[in-house]
Amino acid sequence: MKKTSSVVDLLLLLLAINVLATPAFSDLVLSKVERRIDVTSQIARVTKTLKVVNSGSESVSEFTLTFPKFLGNNLAYLTVSHSEGKGKAKRFLANLSVKEAHAKGTPDSISFYSVSLPKPLSKGDTLTLEVVAAFTNVLQPFPEKITQRDIHLVMLQESAQYLSPYVVESQSLSIKLPNARIESYTKLENSKVQGSEIKYGPYKNLAQYSYAPIVVHFESKAAFAVAEKLVREIEVSHWGNVQVTEHYNLVHRGAQLKGEFSRLEYQDRPNPQGVSAFRHLLARLPPRAHSIYYRDDIGNISTSQMQSDSKKTELLIEPRFPLFGGWKTFFTIGYGLPLSDFLFASEGKRFLDISFGSPMIDLVTEKLIVQVVLPEGSKDISVTTPFDVKQSHEIKYSHLDIAGRPVVVLEKNNVVPDHNQNIQVYYKFSNINLLSEPLMLITGFFVLFITCIIYTRADFSISKSSAAYLAKLQWDEVLATLQEVQNIIQKCLAAHDKLEASLRDLSRTGDIQTCKAARKSTDSFLKDLSKELRPLLASLQSFPSASQISPKVEELVAKEKELQEKLMAKHTTVVEGYEKKSSGRDIENRIASQQQKIVALRQEVDDLVEFIDEI
């Protein structure tokens, strides 16, 4: 407890210095103060009943609330209301205006708030104020790191006496704890423990800025679940639905886990370990919520349960793993709501009346962003909130949008369940805009069907009597003729190769008769092919479109004819040489010039064939 003691001593010293320099605010006196602090969750909720008496001679229209700075810095929610009666007969008349005050000469270690009274308080008059405040981050884990087997202990720092700029005639304090397991607490005069509750007081005749520091060290099994960032998207559709999507970045802000996590020990029975972790989160949704889903980056999470009745819908969700101190998780929940339950009309405008905060029980949100997506065509947009928020406007584009949908963006930091109050978003919207998307779909399908009808019924072919169609037919005939000419030339070249092969056989076997027979057969075959070429050449010459191609074809035929003659001459020379029994070298010398000419002609023929083939 050395750390705790040093913190308290320092705080006491600062307050003592400030008290000496702080002037009185007015002649108000607090005749009775009842303070109740509830720390059963991670949020410290403070309720105060203040009976105010004006003991001065002048009327007073403002009342000052004070908090130690370390509490004021963590103040998330504060309301002050005027009440009458006692017990069950107590009536809360109205919430009063509260604003932070920065008066000159006030110490920095105290936070001041000014409350506007419903009417000036005259001399001798009394007034009862009900103060409700919620603080975050005031329950500090101690120790800060624990093992999986350890219990979760937290520490609360407060004052047994009410810190106020006014004289307090009588004051009492009660602190409600989660359970009766109390490690330690500051014992003062008139302090006692009753089960899970610690009581201090009553204390009489307290001077201005009285302060008696206390520290309570106790066990807390509450889920210290904190949303570092929560984005709520509320999309309004005038076709009957309000779609809500919530994206959570969640962290456990309790004592951090020390050492390794053991799943076996965590699930051990009958003595399960890991009591500092939380396994479930409870969300209370509106009663007619539907189409509920719960998923993360991996996909849908099936470990959730839902119960619904006429008053509420409860969704119990379980993360994929238990969350220990310092661990984080990211997930999304979504659900639909009936439009008729949340959209209303007033003074020519429509307004959406829906809750602002998260539906999660006892969740603290460090940064909350609420995006209200209105239908396309909405205008004259205004927002009413029961507390201050940062507002901005955006445009969101979705399916079938043209100008985009207006988006109202509301941002607030340090949000607690007390902020889960209804906000109103007012806007004007014409019912004619409801027809825009159906008309776009109808028009799109109409154009598609008309296009299909025209495509299936119209004839897009070229007319058979047109010049372009006749030219195309003629060109097709030219290409067919060229293909036939090319085939005949290939057959001629194959016959040439066969004639050359007969000469090679002659040099190997010396069979002159077989070589002559091959010559005779090839000569007859080439004459037949020559007859087939004549009508094809005449046909090409008759086509105007083939005027540039015909000379090349005629050149090809002429070159092939010349090649054929040179081969025949070579063949005759070789056969005669064998008949005269000339030597091989002598025969080669005699046909050398012929062979060179044959090679050159064959190359020219191949080039012309390739040219025609490209056509």
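About the criteria used
- Residues numbered from 1 in each chain as written.
- Predicted model: local features only at pLDDT ≥ 70, side-chain atom pairs only at ≥ 80, totals over all residues.
- Heavy atoms only, no water.
- UniProt positions renumbered as here; feature names shortened; annotations may be inferred.
- Disulfide = S-S within 2.5 Å.
- Phe/Tyr/Trp six-rings, centres within 6.5 Å; stacked < 30°, edge-to-face > 60°.
- Helix = DSSP H or I, 4+ residues; strand = E, 2+ residues; numbered from the N terminus.
- Buried < 20%, exposed > 50% of the residue type's maximum accessible area, 1.4 Å probe, protein only.
- Patch = residues over 30% accessible without salt bridge, like charges linked within 9 Å, V, L, I, M, F, W, Y side chains within 5 Å.
- Areas by Shrake-Rupley, 256 points an atom, 1.4 Å probe, with all protein chains shown as cover.
- Salt bridge = Lys/Arg side-chain N within 4 Å of Asp/Glu carboxyl O.
- Contact = heavy atoms within 4.5 Å.
- Lys, Arg positive; Asp, Glu negative; His and termini not counted.
- Charge placed at Lys NZ, Arg CZ, Asp CG, Glu CD.

- Going by an unreviewed UniProt entry, the chain carries the name Dolichyl-diphosphooligosaccharide--protein glycosyltransferase subunit 1 and comes from Brassica cretica.
- If you open the UniProt record of the chain and go to Pathway (unreviewed entry), you find "Protein modification; protein glycosylation."
- As stated in UniProt under Sequence similarities (unreviewed entry), the record for the chain gives "Belongs to the OST1 family."

### Some details on the state of the cysteines
Line of reasoning, step 1. According to the stated counting rule, one finds 0 disulfides in the structure shown.
Line of reasoning, step 2. Of all cysteine sulfurs, the one in C515 lies closest to C492, which takes part in no disulfide; the gap is 19 Å.

### Focus: the packing of aromatic side chains
Line of reasoning, step 1. A full pass over the atoms with the stated rule returns 13 aromatic pairs.
Line of reasoning, step 2. Centre to centre, the rings of Y248 and F331 are 5.0 Å apart; their planes meet at 15°, and the pair counts as stacked. Of this pair, Y248 sits in strand β18 (residues 241-252) while F331 sits in strand β24 (residues 328-338), and the two are 83 residues apart along the sequence. The same class applies to Y248 and to F331, which are both buried.
Line of reasoning, step 3. Consider the rings of F324 and W327, whose centres lie 5.2 Å apart with planes at 65°: the pair is edge-to-face.
Line of reasoning, step 4. For F324, a relative accessible area of 0% translates into the label buried.
Line of reasoning, step 5. W327 sits in the partly exposed class, given a relative accessible area of 25%.

### Focus: a nonpolar patch on the surface
Line of reasoning, step 1. On the surface, a cluster of nonpolar side chains totalling about 670 Å² of accessible area is made up of L400, I402, M440, L441, F445, L448 and F449.
Line of reasoning, step 2. Here L448 falls in the partly exposed class, since its relative accessible area comes to 44%.

### Looking at the environment of P287
Line of reasoning, step 1. Structurally, P287 can be placed in the loop between β20 (281-285) and β21 (290-295).
Line of reasoning, step 2. Separated by 21 residues in the primary sequence, P287 and S308 place their C-alpha atoms 6.7 Å from one another.
Line of reasoning, step 3. Ignoring anything within four residues of it in the chain, the contact list for P287 reads S308, D309, S310, K311, K312 and T313.

### Considering the UniProt feature "transmembrane region" (unreviewed entry) in the chain
Line of reasoning, step 1. In this structure's numbering, the residues bearing the UniProt feature "transmembrane region" (unreviewed entry) are residues 438-456.
Line of reasoning, step 2. Between the C-alpha atoms that bound residues 438-456 the distance is 27 Å, and the span itself is 100% helix and 0% strand.

### Points about the pattern of salt bridges
Line of reasoning, step 1. One pass over the structure, following the stated rule, counts 26 salt bridges.
Line of reasoning, step 2. Here K396 makes a salt bridge to E235, at a shortest N to O gap of 3.8 Å. Highlighted residues: K396 in strand β29 (residues 390-396) and E235 in strand β17 (residues 225-237), separated in sequence by 161 residues.
Line of reasoning, step 3. According to the relative accessible area criterion, E235 is buried, its value standing at 19%.

### What about a negative patch on the surface?
Line of reasoning, step 1. A cluster of acidic residues, D607, E610, D613 and E614, forms a negative patch on the protein surface.
Line of reasoning, step 2. Structurally, E614 is set in helix α8 (residues 584-614).
Line of reasoning, step 3. For E614, a relative accessible area of 60% puts it in the exposed group.

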